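# Geometric and topological summary
Listed below, chain by chain, are the residues.
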Amino acid sequence: MDEHFGPIIKRIDQLFKIRMNQNLQQLDITATQMHVLLHLHCNSGNKITQKDLANHFEVKHSTMAGILSRLSEKKLIEITVDEENKKFKNITLTNKAMEKIELMTSQRDETESILLKGFSLDETTRLRAYLERLYSNLVSGTDISEQDICCLKKEFERRNHD
């Protein structure tokens, strides 16, 4: 074996993010912001709070607050205090964001098709299962807690934004 898996996975992750961010520049959003907006769109019939988003994306509350703040500044989301529980903030998409959903989805799909070029449907399905197994092995094979994983993801995001 010429190279260990860690550096290969890291390079794939970095190149994927670079390509996604380049493709999304025209929409004035980042890949992370796109994922949040698409999640909100897919769950538009449900009440989504800042805490829900932080939990779903496995990031700290403060990290999600920063992402949402930037999306709010771009007028892509509205943040309102939950009437039932004043501690929570509800997040909804604006019309401006809804106008960008189709383009975001198209950019994501285009980047993923480049990533998976030459793979059959069966190979893609197996690759997804292998990647999920790698993740599961790392979580279950060590003393890493879900909280530790969230902290690691926060550190990776911070490095990628710097």
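Described in the following lines is the structure provided in the data block.

## Some remarks on the side chain of Asp 82
You can see Asp 82 is positioned in the loop between β1 (77-81) and β2 (89-93). Using a relative accessible area of 4% as the deciding quantity, one classes Asp 82 as buried. At 2.7 Å, the side chain of Asp 82 forms a polar contact with the backbone nitrogen of Glu 84. Reaching out from Asp 82, the side chain makes a polar contact with the backbone nitrogen of Asn 85 at a distance of 3.2 Å.

## A word on the nonpolar core
Within the largest apolar cluster, 25 residues are counted, with the highest numbers of intra-cluster contacts made by Leu 37 and Met 104. Listed by contribution, the elements that provide at least two residues to this core are α1 (5-24), α2 (31-42), α3 (50-56), α4 (61-73), β2 and α5 (95-115). The dominant element in this core, judged by the number of residues it contributes, is α2, at 6 residues. If we ignore the near neighbours within four places in the chain, the residues touching Met 104 are Leu 24, Leu 27, Ile 29, Met 34, Leu 37, Leu 38 and Ala 97.

## Observations regarding the pattern of salt bridges
Applying the stated criterion across every chain yields a total of 6 salt bridges. When the shortest N-O distance is used, the salt bridge between Lys 86 and Glu 83 registers 3.4 Å. Across this residue pair, the class does not change: Lys 86 and Glu 83 are exposed. Here Asp 109 ties to Arg 108 by a salt bridge, and the two come within 3.2 Å at their closest N and O atoms. The class of Asp 109 is partly exposed, set by a relative accessible area of 39%. Connected via shared salt-bridge partners are Lys 47, Asp 82 and Glu 84.

## Let's talk about unusual backbone geometry
Note on backbone geometry: most residues besides glycine have negative phi, and most peptide bonds are trans. Its identity as a non-glycine residue notwithstanding, Asp 28 has a phi of 60°, on the positive side. Mapped onto the secondary structure, Asp 28 falls in the loop between α1 and α2. The phi dihedral of Lys 75 is positive, around 60°, even though this residue is not glycine. Counting through the fold element by element, Lys 75 comes out in the loop between α4 and β1. Classification of Lys 75 as exposed rests on a relative accessible area of 56%.

## A few points about the packing of α2 against α5
Here α2 crosses α5 at 115°, and the two axes come no closer than 10 Å. The handedness of the crossing between α2 and α5 comes out as left-handed. Residues Met 34, Leu 37, Leu 38 and His 41 of α2 form the contact with α5, whose participating residues are Ala 97, Met 98, Ile 101, Met 104, Thr 105 and Arg 108. Along the lines of polarity and charge, the residues of the contact of α2 with α5 split into 7 nonpolar, 2 polar and 1 charged.

Rules of the game
- Residues numbered from 1 in each chain as written.
- Predicted model: local features only at pLDDT ≥ 70, side-chain atom pairs only at ≥ 80, totals over all residues.
- Heavy atoms only, no water.
- Helix = DSSP H or I, 4+ residues; strand = E, 2+ residues; numbered from the N terminus.
- Buried < 20%, exposed > 50% of the residue type's maximum accessible area, 1.4 Å probe, protein only.
- Polar contact = N/O pair within 3.5 Å; in protein donor to acceptor, adjacent residues only side chain to side chain.
- Core = buried A, V, L, I, M, F, W, Y, C linked by side-chain atoms within 4.5 Å.
- Contact = heavy atoms within 4.5 Å.
- Salt bridge = Lys/Arg side-chain N within 4 Å of Asp/Glu carboxyl O.
- Axes fitted to C-alpha atoms, helices over the stretch in contact; angles between N-to-C directions.
- Left-handed = near helix turned anticlockwise from the far one by under 90°.
- Nonpolar A, V, L, I, M, F, W, Y, C, P; charged D, E, K, R; others polar.

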